[in-house]
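One-letter residues, chain by chain:
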Amino acid sequence: MAATGGHEFGAEDWEMFRSIGRRIDRQQFEAFQAQGEQCGWCRHPIRIRGTVIDHAGDSPRLTFWTAALPDGVTLKGCGSRRETHCPACAALYRGDARHLVRAGLVGGKGIPESVVEHPVIFLTLTAPSFGAVHAEAAGGPCRPGSPAARCRHGRARSCSSRHDGRSDVVGSPLCHECYDYAGAVLHNACTPELWRRTMISMHRQLAAALGCTQSDAKQLVRLSFCRVAEYQRRGIVHLHAVIRADGPEQTLPVVSPEQLVQAALRAANGVTIVHPRGAARWGEQIDVQVLERSEKQRAKAVASYVAKYATKSSDDSGALDVRIRSEWDLAKRRLPAHLHRMAEVSWELGGVAAFEQWHLRRHAHSLGYGGHFLSKSKGYSTTLGALRAARQQWQVERARKSVESDDRSLHARWRAVGIGWANEGEATWAEAQRRRREDERRCALEDFYSRERPEWPASGAGEPF
Ligand SMILES: [Zn+2]
Ligand SMILES: [Zn+2]
Ligand SMILES: [Zn+2]
């Protein structure tokens, strides 16, 4: 009986697998299951061929070769962060994101535990309005008002319906002709730069509050952050950021949490980027909260809250997960009309010289946004790369134990030969195994809090307008 990932595979599993059309023997089936577990039952695994040769002895010895495995390949996860593209790899990404955010709040993964004493704020930055949009029902009609009031295109300025949150209508404009699509796309495009300038301005505000020059302030206080970008239903990115103040060499800084709040508000209200169609700035819904010092429970909630958004796509269907190559490519994608128009406007503006600097065609599938979905400053905590490397190291250690050799004598050669499962049956099987694995995990204590929809924070995430 093959024991992989804590689950025992018995004769019934093998029989069921044979019934989907793969006539492999029992031993091969166990090898296949081990392969699947290894890549986490990824939806689009990378198929790799290769060998590992041990040069420790008198003559080189072949210690591992994929030729012996089913289809002669080993499988590696696709590594996508998008839930719609690959739920298995997105779960892994979410876990890493959670560790990263949490370490910056309470220490761990190379960050001293004393950071828990440092002032930390949670900042949410949204975009301004680009025209009235339909909203999810929250006790009343969508947009109350006189049905007689019309825009210059003859469309009603009010809406008496109560929309289901899952409806495509939510987030779409009351009049698509009045709606400022170019402004919305350019806001997305300017968001990374708006953020950068907000952080610079925050340093300036702190220097002013401390009554010293900017270079002196930099010696006294360093700001570290971790931020995540999330799409609102109207297709516009907003940012959630954890910002921590550190003193020299990770000591307690001389600023209070209140000073941090004031600096963030002044900075966020002050930054503007001029573009050919007007200017980009943050909306009025700037929300900032102080995170209390030793509430470790809260650190978990914040980490889950932030991590959850890091794996979201710009649309629920996943139609915008992949870069748009041409107008024809965009036309083929099945999207709600509003998001389709956002992508289309991004593509159109991308062809105009005045908008060149934003690479709007390259970012049309992300509705103009060209930044990262999860990013952090150097000093905040460990990196996603370090977390991934630690996981790989653990796998290497495990493999090495079975070979009993010095790793420097092992020479591996790998070559990717394809992507995906061998056939429909295998893909269906993999999806079922992933769900089983997810259920098992759900029960595990370590993971339980990420499955609950985090209720934190109560305010600040208001969407759409
Ligand atoms: Zn994957
Ligand atoms: Zn409505
Ligand atoms: Zn109109």
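Residues numbered from 1 in each chain as written. Chains lettered and ligands numbered in written order. Predicted model: local features only at pLDDT ≥ 70, side-chain atom pairs only at ≥ 80, totals over all residues. Heavy atoms only, no water.

## Some details on the coordination of the zinc ion (ligand 3)
Thought 1: Here the zinc ion (ligand 3) is held by Cys151 (SG), His153 (ND1), Cys175 (SG) and Cys178 (SG), and the distances to it run 2.1 to 2.3 Å.
Thought 2: Seen from the zinc ion (ligand 3), its four donor atoms lie at angles of 101 to 114°, and the figure they make is tetrahedral.
Thought 3: Going along the chain, you hit the donors of the zinc ion (ligand 3) in the pattern C-x1-H-x21-C-x2-C.
Thought 4: Residue classification places Cys151 among the buried positions, given a relative accessible area of 9%. (Donors = N, O, S within 2.8 Å, 3.2 Å for Na, K, Ca; no water. Tetrahedral: all angles 85-135°; square planar, octahedral: opposite > 155°, others 65-115°. Buried < 20%, exposed > 50% of the residue type's maximum accessible area, 1.4 Å probe, protein only.)

## Examining the nonpolar core
Thought 1: One finds Trp195, Met202, Leu223 and Ile243 to be the most contacted residues of the largest nonpolar core, which totals 61 residues.
Thought 2: For this core, the secondary structure elements donating two or more residues are strand 6 (120-125), helix 4 (181-210), strand 7 (222-231), strand 8 (237-246), helix 6 (257-270) and helix 9 (337-350).
Thought 3: Among the elements that make up this core, the one with the highest residue count is helix 4 (twelve residues).
Thought 4: If sequence neighbours within four positions are ignored, Met202 has contacts with Ile121, Leu223, Ile243, Leu260, Ala263, Ala264 and Ala267.
Thought 5: Formed by 25 residues, the second largest nonpolar core is a distinct cluster that contains Val116, Val120, Phe122 and Ala310. (Core = buried A, V, L, I, M, F, W, Y, C linked by side-chain atoms within 4.5 Å. Helix = DSSP H or I, 4+ residues; strand = E, 2+ residues; numbered from the N terminus. Contact = heavy atoms within 4.5 Å.)

## Focus on the coordination of the zinc ion (ligand 1)
Thought 1: Only Cys42 (SG), Cys78 (SG), Cys86 (SG) and Cys89 (SG) from the protein coordinate the zinc ion (ligand 1), and they sit 2.3 to 2.4 Å from it.
Thought 2: Coordination at the zinc ion (ligand 1) is tetrahedral: its four donor atoms span angles of 105 to 115° at the metal.
Thought 3: Counting gaps between the donor residues of the zinc ion (ligand 1) yields the pattern C-x35-C-x7-C-x2-C. Residue Cys78 is located in the loop between strand 5 (74-76) and helix 3 (87-106), and its partner Cys89 is located in helix 3; the two are separated by eleven residues in the primary sequence.

## Some thoughts on the pattern of salt bridges
Pairing of side chains with opposite charge becomes possible as their charged atoms draw close.
Thought 1: One pass over the full model with this rule turns up 19 salt bridges.
Thought 2: Between Glu193 and Arg197 there is a salt bridge, with its nearest N and O atoms 2.8 Å apart. Note that Glu193 and Arg197 are positioned in helix 4 at a spacing of four residues, about one turn of the helix.
Thought 3: With relative accessibility at 26%, the residue Glu193 sits in the partly exposed group.
Thought 4: Among the ionic pairs, Arg434 bridges to Glu431, the shortest N-O distance being 2.8 Å. With Arg434 and Glu431 both in helix 11 (residues 424-443) and three residues apart, this pair spans about one turn of that helix. Residue Arg434 shares its accessibility class with Glu431, and that shared class is buried. (Salt bridge = Lys/Arg side-chain N within 4 Å of Asp/Glu carboxyl O.)

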